[in-house]
Amino acid sequence: MSLFDHQVPRLSVAEARSRTAGEQHGAVLLDVREEAEWGAGHVPGAVHVPLSGLVEGVALPASAQGRALVVICRSGRRSQQAAHLLAELGLDAVDVEGGMNAWAAAGYPVVDERGNSGSTA
């Protein structure tokens, strides 16, 4: 079976924010950008595992295991690949259309590695 044999749903940034806002919603926002991109700016509360790590078989952090995954990257391309990979592993994964660029354009918060206002790199 190939990586793209089945369709993985895509969410708008508004839907992604709604699904990952607070513990009661249960989904984890998984950022699959590389370390430098993450450091420049990410969504507060997101979990970071670069796509390159997922491809190599890196395990998800404990906080993301057993939970629905909403996958985000800079533009939506890598997150779509990651969501397909995760779905092929039997995980509940969707990706965010437009990625961090769309997230920031919608006016949603982005912080750097120190917790200050960040950029989408």
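Shown above is the structure to which this text applies.
A brief report on the enclosed structure follows. (Residues numbered from 1 in each chain as written. Predicted model: local features only at pLDDT ≥ 70, side-chain atom pairs only at ≥ 80, totals over all residues. Heavy atoms only, no water.)

Let's talk about the overall build of the protein chain
Thinking step 1. On a plain count of helices and strands, the protein chain comes out with 5 helices and 5 strands.
Thinking step 2. Whereas a compact globule of 121 residues would reach a radius of gyration of roughly 14 Å, the protein chain reaches 13 Å, a difference of no more than 12%.
Thinking step 3. Dimensions along the principal axes, computed over C-alpha positions, put the protein chain at roughly 40 × 25 × 25 Å.
Thinking step 4. The buried share among the 121 residues of the protein chain stands at 44%.
Thinking step 5. Restricting to contacts in the protein chain with at least 6 residues of sequence separation, those with at least 24 account for 64%. (Helix = DSSP H or I, 4+ residues; strand = E, 2+ residues; numbered from the N terminus. Rg over C-alpha atoms; globule rule 2.2 N^0.38 Å. Buried < 20%, exposed > 50% of the residue type's maximum accessible area, 1.4 Å probe, protein only. Contact = heavy atoms within 4.5 Å.)

Observations concerning the sheet that holds strand 5 (residues 93-96)
Thinking step 1. An order of 1-5-4-2-3 is seen for the 5 strands of this open sheet, with the pairing classed as parallel. One side of each edge strand has no neighbouring strand; the edge strands of this open sheet are strand 1 (10-11) and strand 3 (47-48).
Thinking step 2. Here 4 bridges tie strand 2 (residues 28-31) to strand 4 (residues 69-72), and the two strands are oriented parallel to one another. Its bridge partner being in strand 4, L30 is matched across the sheet by V71.
Thinking step 3. Packing against the sheet, helix 4 (residues 77-88) makes contact with strand 1, strand 2, strand 4 and strand 5, and its axis sits at approximately 175° to strand 5. (Pairing = 2+ DSSP bridges. Axes fitted to C-alpha atoms, helices over the stretch in contact; angles between N-to-C directions.)

Some remarks on the nonpolar core
For soluble globular proteins, nonpolar side chains are generally found buried alongside one another.
Thinking step 1. Grouped together as the largest cluster of nonpolar side chains are 19 residues, with contacts concentrated most on L30, V32, L54, L60, L69, V71 and L86.
Thinking step 2. Contributing elements (two or more residues each) for this core: strand 2, helix 3 (51-56), strand 4 and helix 4.
Thinking step 3. With 5 residues, the top contributor of residues to this core is helix 4.
Thinking step 4. Leaving out residues up to four positions away in the same chain, L54 has contacts with L30, V32, V49, L60, A82, L85 and L86.
Thinking step 5. Counting residues in hydrophobic clusters, the runner-up holds 16 residues, among them L29, A46, V96 and M100. (Core = buried A, V, L, I, M, F, W, Y, C linked by side-chain atoms within 4.5 Å.)

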